[in-house]
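Summary of the model geometry
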Amino acid sequence: MTYVIAEPCIDVKDQACVDVCPVDCIHEADRILVIDPEECIDCGACEPECPVEAIFPEDALPAKWQAFVAVNAAYGQGVDAVDALVTSYSD
Ligand code: SF4
């Protein structure tokens, strides 16, 4: 299990979550912030900080935003891979 950043973050990227993450696993892509599932320790510190409620534990992610599991995990292939998925989601 990991935490996932979903659609409300697109074009917002508030950064409050970045400041509280103890392992610096929240990364910036072009239009969204993402959580690297390989680094996240599931502490939950970021979730209440998000002003647009974009962060969820993966098992509580709303069904309409399931695509964002892959968007966040794409960070493992690099920021360009994240950007490509966000572009295809938004089209
Ligand atoms: Fe960072 Fe904790 Fe949020 Fe994971 S759950 S992204 S470790 S603040």
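Relevant structure appears above.
Residues numbered from 1 in each chain as written. Predicted model: local features only at pLDDT ≥ 70, side-chain atom pairs only at ≥ 80, totals over all residues. Heavy atoms only, no water.

Counted according to the given criterion, the structure contains 2 salt bridges. For the salt bridge of Arg31 with Asp11, the shortest nitrogen-to-oxygen distance reads 2.8 Å. Of the two residues, Arg31 is situated in the loop between β2 (26-28) and β3 (33-35) and Asp11 in the loop between β1 (3-5) and α1 (16-20); the sequence distance between them amounts to 20 residues. A relative accessible area of 27% places Arg31 in the partly exposed class. (Salt bridge = Lys/Arg side-chain N within 4 Å of Asp/Glu carboxyl O. Helix = DSSP H or I, 4+ residues; strand = E, 2+ residues; numbered from the N terminus. Buried < 20%, exposed > 50% of the residue type's maximum accessible area, 1.4 Å probe, protein only.)

Now for the nonpolar core. Among the nonpolar cores identified, the biggest contains 28 residues, and Ile5, Ile26, Ile32, Ile35, Ile55, Phe68 and Val82 are the most heavily contacted of them. Taken together, the elements giving at least two residues each to this core come down to β1, β3, β4 (55-57), α2 (67-73) and α3 (79-90). If we skip the residues at most four places from it in the chain, Ile5 touches Ile26, Ile32, Leu33, Val34, Ile35, Ala54, Ile55, Phe68 and Asn72. (Core = buried A, V, L, I, M, F, W, Y, C linked by side-chain atoms within 4.5 Å. Contact = heavy atoms within 4.5 Å.)

Looking at the secondary structure, you find His27 in strand β2. Judged by its relative accessible area of 16%, His27 is buried. One polar contact links the side chain of His27 to the main-chain carbonyl oxygen of Cys25, over a distance of 3.4 Å. Of note is the side chain of His27, whose polar atom sits 2.7 Å from the side chain of Glu39. (Polar contact = N/O pair within 3.5 Å; in protein donor to acceptor, adjacent residues only side chain to side chain.)

Turning our eyes to something else, we now look at the packing of aromatic side chains. Tallied over the entire structure, the rule returns 2 aromatic pairs. Both rings, one in Phe56 and one in Trp65, keep their centres 5.8 Å apart while their planes meet at 50°; by these two values the pair is tilted. Here the aromatic rings of Phe68 and Tyr89 are separated by 4.6 Å at their centres, their planes lie at 70°, and the arrangement is edge-to-face. Of the two residues, Phe68 is situated in helix α2 and Tyr89 in helix α3; the sequence distance between them amounts to 21 residues. (Phe/Tyr/Trp six-rings, centres within 6.5 Å; stacked < 30°, edge-to-face > 60°.)

Between its first and last C-alpha, α3 extends 16 Å over 12 residues, near the 16 Å set by a 1.5 Å rise per residue. Within the span of α3, buried status applies to Val82, Asp83 and Val86. Viewed end-on, α3 has its buried residues packed into an arc of 95°, placing them on one side of the element. Buried residues along α3 sit against β3 and α2. (Expected span 1.5 Å × (residues − 1). Arc of directions from axis to C-beta.)

Attention shifts here to the state of the cysteines. Applying the stated criterion across every chain yields a total of 0 disulfides. Not part of a disulfide, Cys9 finds its nearest cysteine sulfur in Cys50, a span of 6.5 Å. (Disulfide = S-S within 2.5 Å.)

Purely geometric numbers; function is a separate question.
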